[in-house]
Amino acid sequence: VSEKSPLQHVLESQQLSRSFLDHELFPAAYRMQMSTEVVGDEISRSLAGQSISCLFYEPSTRTRFSFEQAAGFLGARVVSSENAGEFSSAIKGESIEDTVRVMEALKFSAVIMRTKQAGDAKKAAAVSKIPIINAGDGAGQHPTQALLDLYTIHQKFGLVDDLRVALVGDLANGRTARSLAYLLGKYENIYLDLVAPVGMQMKQDILDYLGSHGIRFEQHQRLVDVAEHADAIYMTRAQTERMPSEDTVNGEGVRINDYVMAAVKKHAIIMHPLPRSDDFAELPEKYTDDPRVVIFQQVANGLYTRMALLNYLLN
Ligand code: CP
């Protein structure tokens, strides 16, 4: 993204430039944060008169509600299908391409979609004149989650360069870690520890990207081996919904526990895109109120970054 090629669709993290993040999105998200947090500050209703379609073919709590709240705060009308696979004409075989053509014909300004298959949002964007925002496409990407994650890191450290970040858990199927790895790769002197059980390691496409961009990384199987070095630890759950049902998941080495917490630096942050899983137990409830755990700050930042993004795309 540059001044010469304005962002039209938001499909994958690698399309977002560092300059766009640092000079456009983060300052705008901060302004949105101030306007919603500071009592008496007026939220700009910059999207008044516009309407936005949310098509969610997979379940969501944070992404859908935060997009709807973001659009509403900015004055836009939102029409949502929270179970579009069943309650839209997708169940009669309508293609994703025809579905977005319908949204365009109905004068929506943008479509926010969560889909089951990696690449669905790209297919939609290929035929769409209105912005398509990928709110998670199967095991592909979740770029707006990565934006809020990076904003959270930036908010804590005041920069993103020179940080050591551990991405932990199901890195093979977790689209949020994939998208965040791409964004972190835009910064200087980043060191990534990729911590995953056997069978859940980061896929080759991301390793190739990191290699070709000179990002230093190591692969590990036990979080406790790297916890003391990390500035940020990004936990993820096992994406069991994307695995064959006979697969058993051993998350023992990729859990926050007392040994890990004892090793984590005082000023480090522990993140999670949520939802967290009781079965995988990657971030047990008892650590929720530890000051290093910023998981609900991430959720709030999802609101501010999505307000900033919608405002940028639709004004
Ligand atoms: N982080 C995230 O995408 O959460 P939801 O699945 O609840 O939207």
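Residues numbered from 1 in each chain as written. Predicted model: local features only at pLDDT ≥ 70, side-chain atom pairs only at ≥ 80, totals over all residues. Heavy atoms only, no water.

Quick look at the pairing of strand 4 (residues 132–137) now. Most of strand 4 is tucked away, with six of its six residues classed as buried. Pairing of strand 3 (residues 110–115) with strand 4 involves four bridges; the strand directions are parallel. Across the sheet, the residue bridging to Ile 112 is Ile 133, located in strand 4. Note that the unit made of strand 3, helix 5 (residues 120–127) and strand 4 has a crossover that is right-handed. (Buried < 20%, exposed > 50% of the residue type's maximum accessible area, 1.4 Å probe, protein only. Helix = DSSP H or I, 4+ residues; strand = E, 2+ residues; numbered from the N terminus. Pairing = 2+ DSSP bridges. Right-handed = clockwise from strand over helix to strand, strands pointing away.)

What follows deals with the environment of Ile 112. If you trace the backbone, Ile 112 turns up in strand 3. Residue Ile 112 is classed as buried on the basis of its relative accessible area of 0%. In this view, Ile 112 contacts Ile 52, Ser 53, Cys 54, Leu 55, Phe 56, Phe 67, Ile 133, Ala 135 and Leu 310; residues no more than four positions away in its chain are not counted. (Contact = heavy atoms within 4.5 Å.)

With that settled, the discussion passes to helix 2 (residues 62–73). Here helix 2 contains 12 residues, and its C-alpha end-to-end distance of 16 Å stays within 8% of the 16 Å for a straight helix at 1.5 Å per residue. Listing the buried residues of helix 2 in full gives Thr 63, Arg 64, Ser 66, Phe 67, Ala 70 and Ala 71. Residues of helix 2 that are buried sit in contact with strand 1 (51–56), strand 2 (77–81), strand 3, strand 4, helix 6 (143–157) and helix 10 (295–314). Directly after helix 2, the chain includes Gly 75, whose backbone phi takes a positive value near 95 degrees. (Expected span 1.5 Å × (residues − 1).)

Take the side chain of Gln 298 next. Residue position: Gln 298 is located in helix 10. Within polar-contact distance, the side chain of Gln 298 engages the side chain of Asp 149 at 2.9 Å. The residues touching Gln 298, leaving out its near neighbours within four places in the chain, are Gln 145, Leu 148, Asp 149, Thr 152, Tyr 234, Met 271, His 272 and Pro 273. (Polar contact = N/O pair within 3.5 Å; in protein donor to acceptor, adjacent residues only side chain to side chain.)

On to the site of the ligand. Around the ligand, the neighbouring residues are Ser 60, Thr 61, Arg 62, Thr 63, Arg 114, His 142, Gln 145, Pro 273 and Leu 274. With respect to the ligand, the side chain of Thr 63 contributes an N or O atom lying 2.6 Å from an oxygen atom. Between Pro 273 and the ligand, the recorded distance is 2.9 Å, taken from a backbone N or O atom to a nitrogen atom. Protein contacts shield 92% of the accessible area of the ligand, which totals 250 Å² for the unbound molecule. When its residues are assigned to classes, the shell around the ligand shows two nonpolar, five polar and two charged. (Near = heavy atom within 4 Å. Areas by Shrake-Rupley, 256 points an atom, 1.4 Å probe, with all protein chains shown as cover. Nonpolar A, V, L, I, M, F, W, Y, C, P; charged D, E, K, R; others polar.)

The subject of this paragraph is the sheet that holds strand 5 (residues 164–168). Pairing is parallel in the open sheet, where five strands are placed in the order 7-6-5-8-9. The sheet is open, and its two borders are formed by strand 7 (216–220) and strand 9 (269–271), each paired with just one other strand. Strand-to-strand twist in this sheet, taken as the mean axis angle between neighbours without regard to direction, amounts to 15 degrees. In this sheet, strand 7 lies alongside strand 6 (residues 191–195) in parallel orientation, the contact comprising five bridges. Paired with Tyr 191 across the strands is Arg 216, a residue of strand 7. Against the sheet, helix 8 (residues 204–212) touches strand 6 and strand 7, its axis set at about 145 degrees to strand 7. (Axes fitted to C-alpha atoms, helices over the stretch in contact; angles between N-to-C directions.)

Most peptide bonds take the trans configuration, and most residues that are not glycine carry a negative phi. Along the chain, Leu 274 connects to Pro 275 via a cis peptide bond; the corresponding omega equals 5 degrees. Note that Pro 275 resides in the loop between strand 9 and helix 10. Positive phi, close to 70 degrees, is recorded for Lys 107, a residue that is not glycine. In this fold, Lys 107 is placed in the loop between helix 4 (96–105) and strand 3.

Looking now at the nonpolar core. Of all hydrophobic cores here, the largest spans 88 residues; its most connected members are Ile 233 and Leu 310. The leading source of residues in this core is helix 10, at nine residues. Residues within four places of Leu 310 in sequence aside, it is in contact with Leu 47, Ile 52, Phe 67, Ala 70, Ala 71, Leu 74, Ile 112 and Ile 133. Leu 11, Tyr 57, Ala 121 and Ile 132 belong to the second largest nonpolar core, which has 15 residues in total. (Core = buried A, V, L, I, M, F, W, Y, C linked by side-chain atoms within 4.5 Å.)

The subject of this paragraph is the sheet that holds strand 4. The strand order 2-1-3-4 describes an open sheet built from four strands, whose pairing is parallel. This sheet does not close on itself; its edge strands, each paired only once, are strand 2 and strand 4. Strand after strand, the sheet turns through a mean of 15 degrees between neighbouring axes, direction not considered. In terms of strand pairing, strand 1 meets strand 2 through five bridges, oriented parallel. Residue pairing across strands places Ser 53 opposite Val 79, the latter belonging to strand 2. The strands touched by helix 4 are strand 1, strand 3 and strand 4; relative to strand 3, the strand with the most contacts, the crossing angle is about 155 degrees. Relative to the sheet, helix 5 contacts strand 3 and strand 4, its axis offset from that of strand 4 by approximately 165 degrees.

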